[in-house]
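Architecture at a glance
Given next are the chains, with one letter for each unit.
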Amino acid sequence: MEAHATGACNQSLNLQSISPSGEPLSTETLASLRSLITNPSTPAPAISSIAETLTRSLHLSRDPHRTLKLLSDLAAHHPHLSPLVFHSVRSNSLLSTESTRVAAESLDVLASIGDRNQDLAPAVEKIDDRLFASLCFSPSPEVRPWLLRNAGRFSVQPYLLSILFLGFTKDPYADVRTAALDGLVGLSESGAIDDGDVIRGCYFRAGELLNDMEVGVRCAAIRAVLAWGLTLVDCDSEAKAYWSDEVFVKICSVVRDMSVEVRIEAFNALGRIGMVSQDILLQTLSKKVLVTPKEKKSLAQSSDEQMEISGCSFAGAFMHGLEDEFHEVRKAACHSLGKLTKLSSKFAGEALNLLMDVLNDDSVLVRLEAFEIMHQMATSGHLKVQDKHMHMFLGTLVDCNTLTRSAARKILKLAKLPDLKLFRSTIDTLLDNLDMFPQDEEDILNVLFHIGRNHGKFVVRIIKEVSHQMEPVANGKLGFDNVRVAALLVLAISAPLSQERDCRIPPSIFSYAVTYLGRISSALSDVIHQDGLLNYLSHCSRSSGPYDIKFDFRERELPGSVAMPLPPERGGISEIFSPTVKESREAGTSLVKYSLDVHDVETKLINVVLEKVKDIWPFVQAGYTTEALRTLRNYRKELATLASGSIASGGSFAFTMQYLKILKLLAKAWVNILPSSGMGDMDFVLEKLDARLSELKSMFLRLSKEEELHILELILVTCMLKLSKVEICCHLGSFRKLSCTMAHAESLLRDGSGSGSVEPSRFMIEVRKLSSEIGTSVNGSSFNPIPFRRALESFSLNQLMLCGGLKQIKADLDIADNDNDHPLRFVAGLPVGIPCHITLHNVLVQSRIWLKMTVNGIDDTQFVYLDPTLLSGCDDRRRVTFIAPFYKTPKALSFTVGVCICMEHLSEVDNASSLKRCGPRHELSYLCQEKEVFLSMVK
């Protein structure tokens with residue numbers, strides 16, 4: 001490819017050679033040069049020749065626009081040539097040319113290079129002020145806006161800039177006036193102007209343009225009025241209040257402008273004014289003009305007639321904004337209203353009446369903005385919701401939009417309800433939410449916890465009335481899937497954490513809550529660790545009150561809470577921690593019946609589920625496969641309910657979820673050996689079971705000897721199931737895998753290391769005997785499946801108990817800035833680079849990692865080896881940004897490539913030196929989900 005690029009470049013240079021008559025480069029030649037400049041494969045000598053040709057062309061071309069553009073591209077794609085391009089452009093007298101456009105383009109090239117190369121930046125700043133001013137006054141109106149917008153890139157004197165900007169605000173062209181006003185805004189923000197007269201001149205000139213005929217000019221004028229008005233507020237300490245009111249009123253005068261853009265700009269500006277008189281703020285909420293002595297004083301001692309006119313200019317400003325027909329205007333008005341509520345509690349109280357009406361707005365964005373303001377008011381103590389508001393507010397909890405419901409609940413977390421009736425209504429509405437929106441369960445439970453903590457005495461009253469709903473339903477068992485019971489339990493356990501006194505809850509309630517531990521801890525994961533919650537429930541279940549609770553909240557404290565440290569430790573364990581969770585003395589209470597280790601809660605919770613899994617095997621052996629599969633699904637749901645936060649992301653949790661999927665496949669495959677069932681075609685199930693077991697064995701680190709033996713036994717079962725089929729066509733391969741797996745298991749059984757000696761199961765003993773009897777005589781003519789089926793009858797699923805500390809091998813793959821609207825560009829038939837941001841978790845250095853790339857819709861796959869030397873970090877987490885080359889670009893306008901990361905399963909005789917870069921030779925495990933990459937052909 002490099003030779004091809006070199007040839008193309010030499011051909012182009014021959015075509016573009018300058019004739020003795022001084023003819024410039026042709027358009028076709030310039031186009032070919034640009035393709036070579038932007039091609040990363042073009043060799044360095046060719047690029048140097050192109051640079052020399054282009055710099056020479058500057059002297060010869062009468063219209064060097066395209067040459068300047070190519071030189072700019074050359075400096076951008078090849079930074080080492082930036083000094084050459086910079087000095088060439090500056091030394092070619094282009095800045096003093098009669099063509100203002102060429103001079104402006106030359107300045108743009110110089111400034112762009114200076115932005116990228118700080119060593120050349122001082123040279124850009126030395127551009128003469130007179131040159132810049134003369135270019136601004138040139139007769140080319142299309143160049144002036146660019147010069148005014150980019151004045152800050154050159155070291156033009158601030159006062160000269162102020163003169164230029166003020167002068168061009170009277171330019172006949174609207175885009176020039178807009179650029180001049182935006183330039184004034186930038187000049188104000190720089191703080192370079194400190195003369196009071198100049199500041200007032202800029203402010204009043206911007207105010208005049210609020211009535212300009214062009215929409216863009218009026219928008220820029222609002223920005224300039226705000227910028228210079230705030231500058232006046234800062235520099236005139238004696239009249240600070242006057243100037244704040246003056247700026248606020250002036251901008252209010254345009255909130256009813258005919259243009260939507262102007263109204264939005266005006267309301268956005270109002271929210272940035274940090275000091276306004278309370279009387280003026282209240283006037284914006286009422287369309288009736290209110291004239292007060294205080295207001296007269298704040299508005300520069302104006303006459304009564306002037307006062308009335310001024311009051312009309314801002315009367316009901318926010319009412320108009322919140323009633324605007326465009327939701328963008330309503331959102332901007334709502335946002336500014338929220339910022340101004342911080343200035344006055346009285347204004348905040350009056351504004352709340354308007355915000356309650358906004359909660360019924362047609363636009364979700366406007367409703368969310370209103371909720372955000374109310375939340376800010378609640379945190380600052382300005383939210384005082386009255387009874388007349390509460391009915392409307394609770395109605396938003398049944399909004400069809402998820403974000404709206406969540407925003408309303410967020411405010412309820414901070415609410416302080418005045419009476420039991422309102423509290424009861426709020427709780428009933430939240431419980432109804434659980435039935436209407438089951439997907440919001442975690443959010444609703446979290447809100448109930450916060451509300452209960454803020455209203456401890458009300459909670460006690462409610463729990464006394466509904467305690468019968470939380471009792472065991474039958475035979476001393478709790479309804480595990482009863483979400484209403486879970487909600488009431490969350491409400492109950494929050495009461496002791498209230499700062500109110502004498503909030504006693506029956507101890508049995510806390511015992512019931514333990515059975516919902518996973519569900520509750522998932523909802524409260526933002527404030528309480530699961531192990532801390534378990535200890536809290538254990539402590540309260542053994543105490544009848546009053547509670548002397550000192551509880552450690554994690555990271556974020558509850559709103560309004562006071563930090564409560566743990567009590568002094570005794571023997572390394574806090575006083576509220578109990579070494580075991582005992583069975584409740586109350587009848588029907590179901591508590592967790594295992595020893596509590598605060599450092600290994602994850603493993604303990606998972607083993608509770610695994611302890612029950614082995615009980616499904618008698619159903620499978622008896623042919624009740626449907627019942628067994630239903631039970632496995634319930635165990636997966638229970639495990640997902642228990643898991644939250646760090647547990648859900650732990651290796652043990654991922655291992656167990658994969659293990660339950662394997663048992664599901666094993667139950668389906670076991671149908672083959674049942675006398676009453678037909679053989680059927682189970683090849684797919686067996687192959688899938690074999691692949692899942694291989695992944696379980698290879699994708700987790702720190703497996704104990706017992707855990708590995710359990711997996712090996714399931715692999716032996718899979719091999720025996722394959723060999724028990726009459727129609728199987730690969731007896732020799734299955735038997736070879738059976739022998740290798742058995743040899744591995746026997747080596748582990750002979751190994752004396754670990755937690756102790758492990759005895760082989762009855763099934764393993766039968767497999768060992770069968771292997772020794774058959775030997776290597778398995779072939780297609782003499783194969784008999786009956787002994788294998790007989791040996792399978794001795795298999796029984798043993799209990800798997802995890803030791804903890806498992807680490808999952810996985811990967812994260814990110815293709816930045818790529819979607820259907822922003823595809824990567826390619827040339828058909830040429831390679832294309834796919835930028836991959838890869839993070840490997842727990843992948844050992846000696847592992848063999850591949851990128852698998854498949855064109856969607858075409859059976860065409862390419863593998864790219866990921867060199868481990870490119871990775872940075874440790875084994876737990878290693879990262880790399882890798883440009884993966886894809887060579888098989890089709891002749892299509894666009895296509896997609898599926899990219900994923902795979903790990904090759906190495907055999908014992910393989911090592912890193914035996915690697916062949918053509919592709920993997922062994923079985924693969926997928927470390928991440930496939931990412932879809934979008935590509936589009938360069939036209």
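For clarity, every value in this text was computed on a predicted model and none was experimentally measured.

1. Quick notes on the overall build of the chain
Looking only at helices and strands, the chain has 40 helices and 14 strands in total. A total of 939 residues make up the chain; the buried ones form 51% of that total. Considering only intrachain contacts with a sequence separation of at least 6, the fraction spanning at least 24 residues in the chain is 71%. Within the structure as shown, the chain displays about 44,800 Å² of accessible surface, and the carbon and sulfur contribution to it stands at 51%.

2. Observations concerning the pairing of strand E7 (residues 832-841)
Of all 10 residues that make up E7, seven are buried, and the element is covered over most of its length. Pairing geometry for E7 and strand E11 (residues 877-886), over 10 bridges, is antiparallel. Each residue of the ladder has a partner; that of Pro835, found in E11, is Ile883.

3. Details of the packing of helix H37 (residues 705-723) against helix H38 (residues 731-750)
Put simply, H37 and H38 touch, their axes get as near as 9 Å, and they point 160° apart. In terms of their interaxial angle, H37 and H38 are classed as roughly antiparallel. Seen from above, H37 lies across H38 with left-handed handedness. Of H38, the residues touching H37 (which contributes Lys705, Glu708, Leu709, Leu712, Ile715, Leu716, Cys719, Met720, Lys722 and Leu723) are His731, Ser734, Phe735, Lys737, Leu738, Thr741, Met742, His744, Ala745, Leu748 and Leu749.

4. Points about the pattern of salt bridges
By the definition in use, this model includes 24 salt bridges. With a shortest N-O distance of 2.9 Å, Lys69 and Asp73 are connected by a salt bridge. One end of the pair is Lys69 and the other is Asp73, both in helix H4 (residues 65-77) and four residues apart, which spans about a single turn. On the basis of relative accessible area, Lys69 is assigned to the partly exposed category, the value being 46%. A residue is classified by how much of its surface remains accessible, and Asp73, at 9% relative accessible area, is buried. Linking Lys331 and Glu369 is a salt bridge whose minimum nitrogen-to-oxygen distance equals 3.5 Å. On the criterion of sequence distance, the pair formed by Lys331 in helix H20 (residues 327-340) and Glu369 in helix H22 (residues 364-379) is long-range, its members being 38 residues apart. Residue Lys331 is classed as partly exposed on the basis of its relative accessible area, which comes to 30%. For Glu369, a relative accessible area of 12% corresponds to the buried category. Each of Arg405, Arg409, Asp440 and Asp443 takes part in one network of salt bridges that share partners.

5. Examining a negative patch on the surface
A contiguous patch of negative charge on the surface is contributed by Asp812, Asp814, Asp817, Asp819 and Asp821. Within the secondary structure, Asp817 is located in the loop between strand E5 (810-814) and strand E6 (824-826).

6. Observations concerning the confidence of the model for the chain
Of the residues in the chain, 79% reach a pLDDT of 70 or more, and the chain-wide mean stands at 77. The spread of mean pLDDT over the elements of the chain runs between strand E2 (residues 573-574), the lowest at 26, and helix H15 (residues 260-270), the highest at 93. Ignoring residues within four places in sequence, the model shows residues 1-22, a span with pLDDT below 50, making 30 contacts including any to other chains.

7. A short note on a nonpolar patch on the surface
Among the surface-exposed residues, Val827, Leu830 and Val938 lie close enough to one another that they form a single nonpolar patch of about 220 Å² accessible area. Locating Leu830 in the fold gives a position in the loop between E6 and E7.

8. Some points on a positive patch on the surface
Where like charges cluster on the molecular surface, the positive patch consists of Arg630, Arg633, Lys637, Lys661, Lys664, Lys668 and Lys688. Mapped onto the positive patch, the elements with two or more residues apiece are helix H34 (625-642) and helix H35 (651-669). Structurally, Lys664 is set in helix H35. Residue Lys664 is classed as partly exposed on the basis of its relative accessible area of 34%.

9. Points about the nonpolar core
Counting 154 residues, the largest nonpolar core has Phe248, Ile251 and Phe423 as its most contacted members. Once you skip the residues sitting within four places of it in the chain, Phe248 turns out to touch Leu270, Ile273, Val276, Ile280, Leu281, Thr284, Phe318 and Leu340. Among the nonpolar cores identified, the runner-up in size contains 102 residues, and Leu632, Leu813, Phe886 and Leu924 belong to it.

10. Quick look at the packing of aromatic side chains
Scanning the entire structure with this criterion turns up 17 aromatic pairs. Pairing Trp670 with Phe795 gives two aromatic rings, centres 6.0 Å apart and planes at 45°, and the pair type is tilted. Of this pair, Trp670 sits in the loop between H35 and helix H36 (683-698) while Phe795 is found in the loop between helix H40 (786-792) and strand E4 (807-808), placing the two residues 125 residues apart along the sequence.

11. Concerning H22
In this model, H22 (16 residues) spans 23 Å end to end at C-alpha, consistent with the 22 Å of a helix rising 1.5 Å per residue. For H22, every residue scored as buried is listed here: Val366, Arg367, Glu369, Ala370, Phe371, Ile373, Met374, His375 and Met377. Regarding H22, its N-cap is Ser363, as a side-chain oxygen of that residue lies 3.3 Å from the backbone nitrogen of Leu365 further along.

12. Quick notes on the sheet that holds E5
Across the sheet, four strands lie side by side as E5-E7-E11-E10; this open sheet has antiparallel pairing. The open sheet terminates on both sides in strands that have one partner only, identified here as E5 and strand E10 (872-873). One ladder, built from two bridges, connects E10 with E11; its direction is antiparallel. What sits directly across from Gly873, in E11, is Arg878.

13. Some remarks on the packing of helix H14 (residues 240-252) against H15
Remark: H14 packs on H15, axes separated minimally by 9 Å, with the N-to-C direction vectors making an angle of 160°. In terms of axis orientation, H14 runs roughly antiparallel to H15. Remark: the crossing between H14 and H15 carries left-handed chirality. Residues Phe248, Ile251 and Cys252 of H14 form the contact with H15, whose participating residues are Ala266, Ala269 and Leu270. Tallied by class, the residues present in the contact of H14 with H15 amount to six nonpolar, no polar and no charged.

14. So, helix H29 (residues 507-514)
Since the α-helix packs 3.6 residues into each turn, any two residues three or four apart lie on the same face. The buried count for H29 comes to seven of eight residues, which makes it a mostly enclosed element. All buried positions along H29 are accounted for by Ser508, Ile509, Phe510, Ser511, Tyr512, Ala513 and Val514. On its buried face, H29 sits against helix H28 (483-494), helix H30 (517-523) and helix H31 (530-541).

15. Some details on the side chain of Thr854
For Thr854, the location among the structural elements is in strand E8 (residues 848-855). Reaching out from Thr854, the side chain makes a polar contact with the side chain of Thr861 at a distance of 3.2 Å. If sequence neighbours within four positions are ignored, Thr854 has contacts with Asp860, Thr861, Thr896, Val897 and Gly898.

16. Notes on the environment of Leu632
Secondary-structure assignment places Leu632 in helix H34. Expressed as a C-alpha distance, the spacing of Leu632 and Lys612, which sit 20 residues apart in the sequence, is 9.8 Å. Not counting chain neighbours up to four residues away, the residues in contact with Leu632 comprise Val613, Ile616, Leu660, Leu663 and Lys664.

17. Here we look at the environment of Tyr242
As for its placement among the helices and strands, Tyr242 is situated in helix H14. Judged by relative accessible area, Tyr242 falls into the partly exposed class, the value being 27%. Distance from Tyr242 to Val276, taken between C-alpha atoms, is 8.9 Å for residues 34 residues apart in sequence.

18. With respect to unusual backbone geometry
In terms of backbone geometry, most residues other than glycine have negative phi values and most peptide bonds are trans. Phi at Asp817 takes a positive value of approximately 55°, unusual for a residue other than glycine. We note that Asn842 has phi near 60°; this positive angle belongs to a residue other than glycine. One can find Asn842 in the loop between E7 and E8.

19. Comments concerning the pairing of strand E14 (residues 931-937)
Judged from the three bridges that link them, E6 and E14 form a sheet pairing that is parallel. Residue pairing in the sheet places Arg825 in a bridge with Ser936 of E14. Of the strand pairs in this sheet, strand E12 (residues 894-904) and E14 are connected by six bridges, and their pairing is antiparallel. Counterpart to Thr896 in the pairing with E14 is Phe934.

Conventions and cut-offs
- Residues numbered from 1 in each chain as written.
- Predicted model: local features only at pLDDT ≥ 70, side-chain atom pairs only at ≥ 80, totals over all residues.
- Heavy atoms only, no water.
- Helix = DSSP H or I, 4+ residues; strand = E, 2+ residues; numbered from the N terminus.
- Buried < 20%, exposed > 50% of the residue type's maximum accessible area, 1.4 Å probe, protein only.
- Contact = heavy atoms within 4.5 Å.
- Areas by Shrake-Rupley, 256 points an atom, 1.4 Å probe, with all protein chains shown as cover.
- Pairing = 2+ DSSP bridges.
- Axes fitted to C-alpha atoms, helices over the stretch in contact; angles between N-to-C directions.
- Parallel < 35°, antiparallel > 145°, perpendicular 65-115°, else oblique.
- Left-handed = near helix turned anticlockwise from the far one by under 90°.
- Salt bridge = Lys/Arg side-chain N within 4 Å of Asp/Glu carboxyl O.
- Patch = residues over 30% accessible without salt bridge, like charges linked within 9 Å, V, L, I, M, F, W, Y side chains within 5 Å.
- Lys, Arg positive; Asp, Glu negative; His and termini not counted.
- Charge placed at Lys NZ, Arg CZ, Asp CG, Glu CD.
- pLDDT = per-residue confidence, 0-100.
- Core = buried A, V, L, I, M, F, W, Y, C linked by side-chain atoms within 4.5 Å.
- Phe/Tyr/Trp six-rings, centres within 6.5 Å; stacked < 30°, edge-to-face > 60°.
- Expected span 1.5 Å × (residues − 1).
- Polar contact = N/O pair within 3.5 Å; in protein donor to acceptor, adjacent residues only side chain to side chain.
- Nonpolar A, V, L, I, M, F, W, Y, C, P; charged D, E, K, R; others polar.

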